[in-house]
Amino acid sequence: MQLKVNGSAHALDVDIRTSLLDALRDHLGLTGSKKGCDHGQCGACTVLVNGRRINSCLTLAVMHEDDEIVTIEGLGQPGNLHPMQQSFLEHDGFQCGYCTPGQITSAVGMLEEHRAGWPSHASQALDGAQELTDAEISERMSGNICRCSCYPNIVDAIRDAAGKVRP
Ligand code: FES
Ligand code: FES
């Protein structure tokens, strides 16, 4: 099979039961995406698939032959950081860093959902533009757990980056 990751096509020979996360980490060496729980509870494995954030531990690699996959390695690199990566640095939005690739990738996907007008549980209305309040950010990022509890700084980083992230 073939996977297109961060703009490059990769030929893979994987068991059909291989999760996308394991394909990325163990077969392609893209270890930025982390395995926290391996069952959809922590968000450490979040990647973008066709621009939408998903838990890569909960989906099979063979389901994504025709998809565009972006991992933390594809968002930006040292010297050319994505605005969300830069903002996490500036706001100290991490401690151990284990959850950080998932937090950043999820935040990028979350801003797209917000721009598209998708409501969250914290939204005051079900349609129309929603102000990106701290409550909105927290609710929309609630699938990403940080055991170091860096949540205040993570919210600061996302709020600051929201106006800078390219649509
Ligand atoms: S490793 Fe995928 S949600 Fe925790
Ligand atoms: S920075 Fe340690 S788990 Fe989030």
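Residues numbered from 1 in each chain as written. Chains lettered and ligands numbered in written order. Predicted model: local features only at pLDDT ≥ 70, side-chain atom pairs only at ≥ 80, totals over all residues. Heavy atoms only, no water.

1. Some points on the domain arrangement of the protein chain
Taken domain by domain, the protein chain comprises domain 1 (2-75) and domain 2 (83-162). Using C-alpha coordinates to define each centre, domain 1 is positioned 21 Å away from domain 2. Of the residues lining the interface, 17 residues belong to domain 1; the matching set on domain 2 comes to 17 residues. Interface area, domain 1 with domain 2, both sides summed: about 1,400 Å², of which 56% is carbon and sulfur. At the surface where domain 1 touches domain 2, the tally comes to one salt bridge. Notably, a salt bridge pairs Arg53 with Glu113, separated by 2.8 Å at the nearest N-O pair. On the surface where domain 1 and domain 2 come into contact, there are seven residue pairs in polar contact (both at pLDDT 80 or more). Per element, the largest residue contribution to the side of domain 1 that touches domain 2 is three residues, and it comes from strand β3 (residues 46-49). Of the residues that constitute the side of domain 1 that touches domain 2, the class distribution is seven nonpolar, six polar and four charged. (Domains from an automatic or database assignment. Contact = heavy atoms within 4.5 Å. Buried area = accessible area lost by both parts, 1.4 Å probe. Salt bridge = Lys/Arg side-chain N within 4 Å of Asp/Glu carboxyl O. Polar contact = N/O pair within 3.5 Å; in protein donor to acceptor, adjacent residues only side chain to side chain. Helix = DSSP H or I, 4+ residues; strand = E, 2+ residues; numbered from the N terminus. Nonpolar A, V, L, I, M, F, W, Y, C, P; charged D, E, K, R; others polar.)

2. Remarks on the environment of Ile54
Within the secondary structure, Ile54 is located in strand β4 (residues 52-55). With 93 residues separating them in the primary sequence, Ile54 and Arg147 have C-alpha atoms 20 Å apart. When sequence neighbours within four positions are dropped, the list of residues in contact with Ile54 reads Leu20, Cys45, Thr46, Val47, Val49, Thr59 and His64.

3. Overview of the side chain of Gln103
Within the secondary structure layout, Gln103 lies in helix α4 (residues 100-115). Since its relative accessible area comes to 1%, Gln103 is described here as buried. Residues contacting Gln103, with those up to four places away along its chain left out, are Phe88, Met141, Asn144, Ile145, Cys146 and Ile154. (Buried < 20%, exposed > 50% of the residue type's maximum accessible area, 1.4 Å probe, protein only.)

4. Considering the pattern of salt bridges
Pairing between side chains of opposite charge can happen when the charged atoms of each approach one another. Inspection of the entire model under this criterion finds 10 salt bridges. A salt bridge links Glu112 to Arg115; the shortest N-O distance between them is 2.8 Å. Here Glu112 and its partner Arg115 are both found in helix α4, three residues apart, which amounts to about one turn of the helix. Look at Glu112 and you get partly exposed, because its relative accessible area is 30%. Of the residues examined, Arg115 reaches a relative accessible area of 38% and is grouped as partly exposed. For Asp134, the salt bridge is made with Arg159, and the minimal N-O distance between the two is 2.8 Å. Placement of the pair is Asp134 in helix α5 (residues 134-140) and Arg159 in helix α6 (residues 151-162), with a sequence separation of 25 residues. Residue classification places Arg159 among the partly exposed residues on the basis of a relative accessible area of 37%. Among the charged side chains, a salt-bridge network with shared partners connects Asp22, Lys35 and Asp38.

5. Describing the packing of α4 against α6
Put simply, α4 and α6 touch, their axes get as near as 11 Å, and they point 50 degrees apart. Taken together, α4 and α6 sit at an angle that is classed as oblique. Considering only the axes of α4 and α6, their crossing is right-handed. Judged by residue contacts, Gln103, Ala107, Met110, Leu111 and Arg115 of α4 engage Ile154, Ile158 and Ala162 from α6. Each residue belonging to the contact of α4 with α6 can be placed in one class, and the counts come to six nonpolar, one polar and one charged. (Axes fitted to C-alpha atoms, helices over the stretch in contact; angles between N-to-C directions. Parallel < 35°, antiparallel > 145°, perpendicular 65-115°, else oblique. Left-handed = near helix turned anticlockwise from the far one by under 90°.)

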